[in-house]
Structure formats: structure tokens, C-alpha cells
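Given next are the chains, with one letter for each unit.
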Amino acid sequence: MTAASPVPVHPRLGVRLAYRLQQVLRPNGGYRWLSARIEAAGPARALFTGAERAAKGTLFGCRMCGQCALPVTGYVCPMGCPKELRNGPCGGVGADGSCEVYPDRRCVWVDAYDRAARVGRAGDLRLLHRPVDHRRWGESSWLNYWQGRDEGLWTDEPGANP
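Figured I'd write up the structure that's included with this text.

**Things to note about the packing of aromatic side chains**
- Enumeration according to the criterion identifies 5 aromatic pairs in this entry.
- Relative to Trp 146, the ring of Tyr 31 has its centre 4.6 Å away and its plane inclined at 5°; by these criteria the two rings are stacked. You can see Tyr 31 sitting in helix H2 (residues 29-40) and its partner Trp 146 sitting in helix H5 (residues 141-146), a full 115 residues away along the chain.
- In this structure Tyr 31 comes out as buried when scored by relative accessible area, which is 18%.
- You can call Trp 146 buried: its relative accessible area is 4%.
- Where Phe 60 meets Tyr 75, the ring centres are 5.6 Å apart and the plane angle is 45°; that geometry is what we call tilted.

Below you can see the structure in the form of C-alpha cells.
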């Protein structure tokens, strides 16, 4: 791996609070309307995306892929994996849960499982994620979520074919 590899980050926001916020931020007519207005105004979109980058980067180690998987990964950003694996850990996870690339760090997928299991959501980790659309990098995943562009990012059923 190169020095530019993502470095695993342990989330700073508690998992229970993160799932509560998810309930508040679920798409609805109001958020759809608001996000359409934000997207229509260039400066507002830039400010909103910058605020999202700062908040999610600090709280979850978000890398702004534009296709957020946080709701089904225990609010641990899978793009923080040095190998950017979105469907589970590589074969190099240490017996102590350490990352193969950064042995002094915990594997993001071990963190994801621990956090999801803590709130009874470990089954979410069996949902298959579709490949990242690299054209979305840097976009606001909140705006994409509220506009319905995120639909179909992962399977509806654990282990189901995409």
C-alpha cells in the first residue's frame, strides 16, 4: 500500500446516538425539498458539502465517497479501510482485531461489527454493497440520500443477490 492509503479511524460518535440521528434524518418530503434548494444554489451546495465533510470526517472518518454506507456498518466508514473494502474485512485481520496495513490500528470491520452488535444490528453487515461509483467522490451523501440517489447501494436482504 502507498502512503496515500486511508488510515482506519475509530468513530467518535456513539453508535446509539448515530442510529437515533439516522431516524431523524430519514428522507421525507421536507428533506427532499430542502436538498433540492441546496443543490440548486451553487454556494449553498458547497457550504453544505463542506459542513458535511467536516462533521462526518471528524465523527466517523468519512472520506466523502458520496455513497454513504454508515447506516449499515455500525457507523464506521468502510472507506477508512486502507484497501477500501466495502463488504467486509480482508484476510489479513490480526487475531487481536488489528489492521493488516496499519497493525497499530483496529480493523474498521472489527469496529463495525462490535458497534453494530452492541445495538442489535450485526445482521446489517451481511448486506452486500454494490461497487463505489467513483464519479460521486466529493459529493454530499446527505443530499444524495435525501434525493433518493442512494437507493440500491446495498441489498435489502442479508446474503441476497444484488
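**With respect to unusual backbone geometry**
- For Met 64, which is not glycine, the phi dihedral falls at a positive 60°.
- Residue placement: Met 64 occurs in the loop between helix H3 (42-60) and helix H4 (108-118).
- Relative accessible area serves as the criterion here: at 4%, Met 64 is assigned to the buried category.
- Located in the positive-phi region is Glu 84, a residue other than glycine, with phi close to 55°.
- With respect to the element layout, Glu 84 can be found in the loop between H3 and H4.
- Among the residues examined, Glu 84 registers a relative accessible area of 29% and is labelled partly exposed.

**With respect to the pattern of salt bridges**
- Counted by the stated rule, this structure contains 10 salt bridges.
- With a shortest N-O distance of 2.5 Å, Glu 100 and Lys 83 are connected by a salt bridge. Linking Glu 100 in the loop between H3 and H4 with Lys 83 in the loop between H3 and H4, this pair joins segments that are 17 residues apart in sequence.
- Here Glu 100 falls in the partly exposed class, since its relative accessible area comes to 42%.
- On the basis of relative accessible area, Lys 83 is assigned to the partly exposed category, the value being 33%.
- Salt-bridge contacts for Glu 139 lead to Arg 136; the nearest nitrogen and oxygen are separated by 2.9 Å.
- Here the salt bridges do not stand alone but share partners, grouping Glu 39, Arg 45 and Arg 149 into one network.

**Considering the state of the cysteines**
- Counting across every chain of the model gives 0 disulfides.
- Considering cysteine sulfurs only, Cys 77 is the nearest to Cys 65, which forms no disulfide, with 6.2 Å between them.
- With a relative accessible area of 7%, Cys 65 lands in the buried category.
- Cys 77 forms no disulfide, and the closest cysteine sulfur to it belongs to Cys 62, at a distance of 5.3 Å.
- On the accessibility criterion, Cys 77 (9% relative accessible area) is buried.

Cut-off values and rules
Residues numbered from 1 in each chain as written. Predicted model: local features only at pLDDT ≥ 70, side-chain atom pairs only at ≥ 80, totals over all residues. Heavy atoms only, no water. Phe/Tyr/Trp six-rings, centres within 6.5 Å; stacked < 30°, edge-to-face > 60°. Helix = DSSP H or I, 4+ residues; strand = E, 2+ residues; numbered from the N terminus. Buried < 20%, exposed > 50% of the residue type's maximum accessible area, 1.4 Å probe, protein only. Salt bridge = Lys/Arg side-chain N within 4 Å of Asp/Glu carboxyl O. Disulfide = S-S within 2.5 Å.

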